[in-house]
Amino acid sequence: MILQVEVCGAIATNAYFYIDDETDAGFLIDPGAEAERLLKIISARNFTIEKILLTHGHFDHIGAAAEIQRELKIPVCMQKNGRAYAENPTWNLSSAFGAEMVLRDVTYLDDNSEIILAANENFRLKIIPVAGHTTDGAAYYSERDGVAFVGDSIFLGSYGRTDFYGGDEQTLFAELKNKILTLPDETVLLSGHTPPTTVGDEKNRPWFNI
Ligand SMILES: [Zn+2]
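Conventions adopted
Residues numbered from 1 in each chain as written. Predicted model: local features only at pLDDT ≥ 70, side-chain atom pairs only at ≥ 80, totals over all residues. Heavy atoms only, no water. Salt bridge = Lys/Arg side-chain N within 4 Å of Asp/Glu carboxyl O. Helix = DSSP H or I, 4+ residues; strand = E, 2+ residues; numbered from the N terminus. Buried < 20%, exposed > 50% of the residue type's maximum accessible area, 1.4 Å probe, protein only. Donors = N, O, S within 2.8 Å, 3.2 Å for Na, K, Ca; no water. Tetrahedral: all angles 85-135°; square planar, octahedral: opposite > 155°, others 65-115°. Pairing = 2+ DSSP bridges. Axes fitted to C-alpha atoms, helices over the stretch in contact; angles between N-to-C directions. Parallel < 35°, antiparallel > 145°, perpendicular 65-115°, else oblique. Left-handed = near helix turned anticlockwise from the far one by under 90°. Contact = heavy atoms within 4.5 Å. Nonpolar A, V, L, I, M, F, W, Y, C, P; charged D, E, K, R; others polar. Expected span 1.5 Å × (residues − 1). Arc of directions from axis to C-beta. Polar contact = N/O pair within 3.5 Å; in protein donor to acceptor, adjacent residues only side chain to side chain. 1 Å grid on protein atoms, 1.4 Å probe; cavity = no way out; pocket = protein on both sides within 12 Å on 5 of 7 lines; lining within 4 Å. Points joined across faces, edges and corners; volume = space filled by probe spheres on them.

Q: Please explain the pattern of salt bridges as it appears in this structure.
A: Two side chains bearing opposite charge may form a pair once their charged atoms approach each other closely. Evaluated as defined, the whole model comprises 9 salt bridges. With a closest N to O distance of 3.8 Å, Lys 80 and Asp 111 form a salt bridge. Note that Lys 80 is positioned in the loop between strand 5 (76-79) and helix 4 (83-86) and Asp 111 in the loop between strand 6 (106-109) and strand 7 (114-117), a separation of 31 residues in sequence. Accessibility expressed as a relative area gives 47% for Lys 80, which makes it partly exposed. In this structure Asp 111 comes out as partly exposed when scored by relative accessible area, which is 26%. Note that Lys 179 is salt-bridged to Glu 175, the shortest N-O span being 3.0 Å. In this pair, Lys 179 and Glu 175 are both assigned in helix 5 (residues 169-180), 4 residues apart and thus about one turn of the helix distant.

Q: What am I meant to see in the coordination of the zinc ion here?
A: Six octahedral donors at a metal ideally form angles of 90 or 180 degrees, and four tetrahedral donors ideally form angles of 109.5 degrees. Looking at the zinc ion, the protein donor atoms are His 56 (NE2), His 58 (ND1), His 133 (NE2) and Asp 152 (OD), and they sit 2.2 to 2.4 Å from it. One way to put it: the 4 donor atoms around the zinc ion meet at angles of 90 to 169°, and that makes the site irregular.

Q: Explain the sheet that holds strand 8 (residues 120-129) to me, please; I cannot follow it from the model alone.
A: Where strands meet in a sheet, backbone hydrogen bonds hold them as pairs that are either parallel or antiparallel. Within the open sheet, the 6 strands sit side by side as 7-8-9-10-13-14. Their pairing is mixed. Looking at which strands have only one partner, the edges of the open sheet turn out to be strand 7 and strand 14 (197-198). Pairing analysis gives 3 bridges linking strand 9 (residues 138-142) to strand 10 (residues 147-151), with the strands arranged antiparallel. Within strand 10, the position partnered with Tyr 141 by the bridge is Ala 148.

Q: Just to check I follow, could you spell out the packing of helix 1 (residues 35-44) against helix 3 (residues 65-72) for this structure?
A: Helix-helix packing is described using two parameters, namely the angle between the two axes and the distance between the axes. Their axes nearest at 9 Å, the elements helix 1 and helix 3 cross at an angle of 40°. Considering the angle they form, helix 1 stands oblique to helix 3. Crossing of helix 1 against helix 3: the hand is right-handed. Within the contact between the two elements, helix 1 uses Ala 35, Leu 38, Leu 39 and Ile 42 and helix 3 uses Glu 67, Ile 68, Glu 71 and Leu 72. Looking at the contact of helix 1 with helix 3, its residues break down into 6 nonpolar, no polar and 2 charged.

Q: Can you walk me through the environment of Gly 132 in this structure?
A: Relative to the elements of secondary structure, Gly 132 occurs in the loop between strand 8 and strand 9. The class of Gly 132 is buried, set by a relative accessible area of 2%. With 43 residues separating them in the primary sequence, Gly 132 and Glu 175 have C-alpha atoms 7.4 Å apart. Ignoring sequence-local partners within four residues, the contact set of Gly 132 consists of Arg 161, Thr 162, Gly 166, Gly 167, Asp 168, Thr 171 and Leu 172.

Q: In this structure, what is going on with helix 5? I would like to understand it.
A: Every α-helix carries 3.6 residues per turn, so stepping three or four residues along brings you back to the same face. In this model, helix 5 (12 residues) spans 15 Å end to end at C-alpha, consistent with the 16 Å of a helix rising 1.5 Å per residue. Taken residue by residue, helix 5 has Leu 172, Phe 173, Glu 175, Leu 176 and Ile 180 as its buried positions. On an axial view of helix 5, the arc spanned by its buried residues comes to 165°, and they lie on one face. In helix 5, the exposed positions that point more than 90 degrees away from the buried face belong to Gln 170 and Asn 178. The elements touched by buried residues of helix 5 are strand 8, strand 9, strand 11 (154-155), strand 12 (158-159), strand 13 (188-191) and helix 6 (199-203). Structurally, the start of helix 5 carries an N-cap: the backbone nitrogen of Gln 170 is 3.5 Å from a side-chain oxygen of Asp 168.

Q: Before we go on, may I ask you to explain the pairing of strand 9 in this structure?
A: Looking down a regular strand, the side chains alternate between one sheet face and the other. Burial of strand 9 is extensive: 5 of the 5 residues sit out of reach of the surface. Burial of the side chains of strand 9 extends over both faces: Ala 138, Tyr 140 and Ser 142 are buried on one face and Ala 139 and Tyr 141 on the other. Across 4 bridges, strand 8 lies against strand 9 in antiparallel orientation. Paired with Lys 126 across the two strands is Tyr 141, which belongs to strand 9.

Q: Any chance you could explain the layout of surface pockets here in plain terms?
A: A probe matching the size of a water molecule, rolled over the atoms, marks out where space remains unfilled. As a volume, the largest pocket reaches approximately 210 Å³. What lines the largest pocket is a set of 13 residues, and nearest its centre among them are Ile 11, Asp 60, Asp 152, Arg 161 and Phe 164. Partitioning the lining of the largest pocket into residue classes produces 6 nonpolar, 4 polar and 3 charged. Of the volumes computed, that of the second largest pocket is approximately 160 Å³. What lines the second largest pocket is Tyr 18, Glu 114, Asn 122, Phe 123, Arg 124, Leu 125, Lys 126, Tyr 141, Ser 142, Glu 143, Arg 144 and Asp 145. Considered class by class, the residues forming the lining of the second largest pocket number 4 nonpolar, 2 polar and 6 charged.

Any functional reading would require information that these geometric values do not contain.
Structure follows, in C-alpha coordinates:
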(Lines give C-alpha, C1' and ligand atoms only; values in the text may rest on other atoms or scores of the structure.)
Protein backbone atom coordinates (compact mmCIF):
# COMPACT_ATOMS: atom_id res chain seq x y z
CA MET A 1 0.00 0.00 0.00
CA ILE A 2 1.18 3.47 -0.82
CA LEU A 3 -0.10 6.43 1.13
CA GLN A 4 0.82 9.85 -0.18
CA VAL A 5 0.75 12.69 2.34
CA GLU A 6 1.39 16.26 1.28
CA VAL A 7 3.41 17.86 4.05
CA CYS A 8 3.90 21.58 4.22
CA GLY A 9 6.92 23.42 5.53
CA ALA A 10 8.28 26.39 3.57
CA ILE A 11 7.00 24.54 0.50
CA ALA A 12 4.72 21.53 0.03
CA THR A 13 6.26 18.12 -0.59
CA ASN A 14 4.86 14.64 -1.11
CA ALA A 15 5.87 12.24 1.65
CA TYR A 16 5.04 8.58 1.03
CA PHE A 17 4.33 5.62 3.25
CA TYR A 18 5.24 2.42 1.42
CA ILE A 19 3.64 -0.29 3.54
CA ASP A 20 3.53 -4.08 3.27
CA ASP A 21 -0.15 -5.11 3.40
CA GLU A 22 0.67 -8.43 5.07
CA THR A 23 2.47 -6.96 8.07
CA ASP A 24 1.62 -3.22 8.17
CA ALA A 25 5.36 -2.65 8.34
CA GLY A 26 7.16 -0.51 5.80
CA PHE A 27 9.16 2.56 4.93
CA LEU A 28 8.57 6.30 5.13
CA ILE A 29 9.97 8.22 2.18
CA ASP A 30 10.80 11.94 2.30
CA PRO A 31 9.21 13.20 5.53
CA GLY A 32 9.84 16.80 4.55
CA ALA A 33 7.91 18.53 7.34
CA GLU A 34 5.11 18.03 9.89
CA ALA A 35 6.73 15.31 11.99
CA GLU A 36 3.89 15.30 14.51
CA ARG A 37 1.25 14.79 11.85
CA LEU A 38 3.21 11.94 10.27
CA LEU A 39 3.73 10.31 13.68
CA LYS A 40 -0.03 10.54 14.32
CA ILE A 41 -0.72 8.78 11.02
CA ILE A 42 1.77 6.06 11.94
CA SER A 43 0.13 5.39 15.30
CA ALA A 44 -3.46 5.76 14.07
CA ARG A 45 -2.89 3.22 11.32
CA ASN A 46 -0.69 0.95 13.38
CA PHE A 47 2.18 1.15 10.91
CA THR A 48 5.58 -0.15 11.94
CA ILE A 49 8.03 2.07 10.11
CA GLU A 50 11.40 0.34 9.87
CA LYS A 51 13.35 2.97 7.98
CA ILE A 52 13.15 6.53 6.72
CA LEU A 53 14.39 6.75 3.13
CA LEU A 54 15.39 10.09 1.62
CA THR A 55 15.42 10.68 -2.15
CA HIS A 56 17.91 13.54 -1.67
CA GLY A 57 19.09 15.98 0.95
CA HIS A 58 17.07 19.11 0.23
CA PHE A 59 15.41 20.71 3.26
CA ASP A 60 11.89 20.14 1.98
CA HIS A 61 12.47 16.37 1.86
CA ILE A 62 14.38 15.90 5.13
CA GLY A 63 12.71 18.38 7.47
CA ALA A 64 10.87 15.90 9.71
CA ALA A 65 13.41 13.07 9.48
CA ALA A 66 15.41 13.82 12.63
CA GLU A 67 12.34 14.17 14.86
CA ILE A 68 10.72 10.97 13.56
CA GLN A 69 14.04 9.17 13.86
CA ARG A 70 14.33 10.30 17.49
CA GLU A 71 10.77 9.30 18.28
CA LEU A 72 10.77 5.86 16.60
CA LYS A 73 14.49 5.07 16.93
CA ILE A 74 14.84 4.01 13.32
CA PRO A 75 17.56 4.61 10.70
CA VAL A 76 17.49 7.49 8.25
CA CYS A 77 18.94 6.33 4.94
CA MET A 78 20.35 8.28 1.99
CA GLN A 79 22.40 7.72 -1.13
CA LYS A 80 26.09 7.75 -0.30
CA ASN A 81 26.75 11.30 -1.53
CA GLY A 82 24.15 12.59 0.92
CA ARG A 83 26.55 13.75 3.60
CA ALA A 84 27.29 16.95 1.66
CA TYR A 85 23.61 17.89 2.07
CA ALA A 86 22.75 16.26 5.40
CA GLU A 87 25.48 18.09 7.28
CA ASN A 88 25.45 21.40 5.42
CA PRO A 89 22.51 23.82 5.77
CA THR A 90 23.77 25.81 2.79
CA TRP A 91 23.74 22.79 0.49
CA ASN A 92 20.45 21.44 1.81
CA LEU A 93 19.02 24.96 1.32
CA SER A 94 17.56 25.15 4.83
CA SER A 95 19.65 28.19 5.72
CA ALA A 96 18.02 30.11 2.86
CA PHE A 97 14.59 29.27 4.30
CA GLY A 98 15.19 30.35 7.88
CA ALA A 99 15.71 27.26 10.03
CA GLU A 100 19.06 25.52 9.68
CA MET A 101 18.79 21.74 9.40
CA VAL A 102 21.51 19.18 9.98
CA LEU A 103 21.11 15.40 9.93
CA ARG A 104 23.93 13.63 11.74
CA ASP A 105 22.86 10.05 12.30
CA VAL A 106 22.45 8.89 8.70
CA THR A 107 22.96 5.45 7.15
CA TYR A 108 24.48 5.82 3.69
CA LEU A 109 23.32 3.12 1.28
CA ASP A 110 25.38 1.38 -1.38
CA ASP A 111 24.15 2.17 -4.89
CA ASN A 112 21.77 -0.42 -6.33
CA SER A 113 21.54 -2.25 -3.03
CA GLU A 114 18.24 -3.69 -1.79
CA ILE A 115 16.49 -2.29 1.25
CA ILE A 116 14.73 -5.30 2.71
CA LEU A 117 11.85 -5.11 5.16
CA ALA A 118 12.72 -7.11 8.27
CA ALA A 119 9.06 -8.05 8.79
CA ASN A 120 8.77 -9.53 5.27
CA GLU A 121 11.86 -10.13 3.18
CA ASN A 122 9.82 -10.21 -0.03
CA PHE A 123 9.03 -6.54 0.49
CA ARG A 124 11.96 -4.49 -0.69
CA LEU A 125 13.15 -1.45 -2.59
CA LYS A 126 16.27 -1.00 -4.66
CA ILE A 127 18.16 2.28 -4.46
CA ILE A 128 19.03 3.59 -7.92
CA PRO A 129 21.35 6.62 -7.85
CA VAL A 130 20.03 9.47 -10.01
CA ALA A 131 22.32 12.49 -9.86
CA GLY A 132 21.68 15.82 -11.54
CA HIS A 133 19.09 17.59 -9.39
CA THR A 134 21.60 16.97 -6.59
CA THR A 135 24.66 14.75 -6.41
CA ASP A 136 22.89 12.47 -3.92
CA GLY A 137 19.67 11.81 -5.84
CA ALA A 138 18.11 8.38 -5.35
CA ALA A 139 15.12 6.58 -6.77
CA TYR A 140 13.68 3.77 -4.66
CA TYR A 141 12.33 1.12 -7.01
CA SER A 142 10.09 -1.91 -6.55
CA GLU A 143 10.06 -4.13 -9.61
CA ARG A 144 7.38 -6.29 -7.99
CA ASP A 145 4.96 -3.38 -7.50
CA GLY A 146 6.05 -1.46 -10.60
CA VAL A 147 6.69 1.75 -8.72
CA ALA A 148 9.59 4.13 -8.19
CA PHE A 149 9.86 6.96 -5.68
CA VAL A 150 11.87 9.48 -7.68
CA GLY A 151 12.07 12.61 -5.52
CA ASP A 152 12.81 15.70 -7.58
CA SER A 153 14.63 14.10 -10.50
CA ILE A 154 11.51 13.82 -12.67
CA PHE A 155 7.94 15.09 -12.37
CA LEU A 156 4.64 14.74 -14.16
CA GLY A 157 5.40 16.76 -17.30
CA SER A 158 8.75 18.17 -16.17
CA TYR A 159 12.07 17.41 -14.53
CA GLY A 160 14.08 18.64 -11.59
CA ARG A 161 15.84 21.98 -11.32
CA THR A 162 19.58 21.81 -11.79
CA ASP A 163 20.58 25.26 -10.54
CA PHE A 164 21.09 24.31 -6.88
CA TYR A 165 24.33 23.05 -5.25
CA GLY A 166 25.58 19.94 -7.02
CA GLY A 167 22.99 20.19 -9.80
CA ASP A 168 23.87 19.55 -13.45
CA GLU A 169 21.40 19.32 -16.31
CA GLN A 170 23.48 17.10 -18.59
CA THR A 171 24.02 14.68 -15.74
CA LEU A 172 20.32 14.67 -14.87
CA PHE A 173 19.26 13.92 -18.44
CA ALA A 174 21.84 11.14 -18.81
CA GLU A 175 20.84 9.59 -15.49
CA LEU A 176 17.12 9.73 -16.29
CA LYS A 177 17.60 8.29 -19.78
CA ASN A 178 19.88 5.50 -18.59
CA LYS A 179 18.28 4.52 -15.31
CA ILE A 180 14.65 5.67 -15.01
CA LEU A 181 13.22 5.92 -18.52
CA THR A 182 14.60 2.42 -19.22
CA LEU A 183 12.33 0.92 -16.55
CA PRO A 184 9.16 -0.78 -17.86
CA ASP A 185 6.76 1.73 -19.46
CA GLU A 186 4.01 1.02 -16.95
CA THR A 187 6.24 1.83 -13.96
CA VAL A 188 4.54 4.47 -11.83
CA LEU A 189 6.81 7.38 -10.92
CA LEU A 190 5.99 9.03 -7.61
CA SER A 191 7.64 12.41 -7.33
CA GLY A 192 8.24 14.93 -4.61
CA HIS A 193 5.95 17.63 -5.93
CA THR A 194 3.44 16.46 -8.56
CA PRO A 195 0.76 13.80 -9.03
CA PRO A 196 2.00 10.39 -10.23
CA THR A 197 3.12 9.74 -13.78
CA THR A 198 4.59 6.76 -15.66
CA VAL A 199 7.80 5.97 -17.50
CA GLY A 200 5.79 5.54 -20.72
CA ASP A 201 4.33 9.05 -20.45
CA GLU A 202 7.56 10.80 -19.50
CA LYS A 203 9.92 9.13 -21.96
CA ASN A 204 7.94 10.61 -24.87
CA ARG A 205 8.35 14.21 -23.73
CA PRO A 206 10.09 16.32 -26.38
CA TRP A 207 12.88 17.43 -24.01
CA PHE A 208 14.15 13.89 -23.61
CA ASN A 209 14.24 13.38 -27.37
CA ILE A 210 14.62 9.62 -27.16
ZN1 LIG B 1 15.04 18.97 -4.29
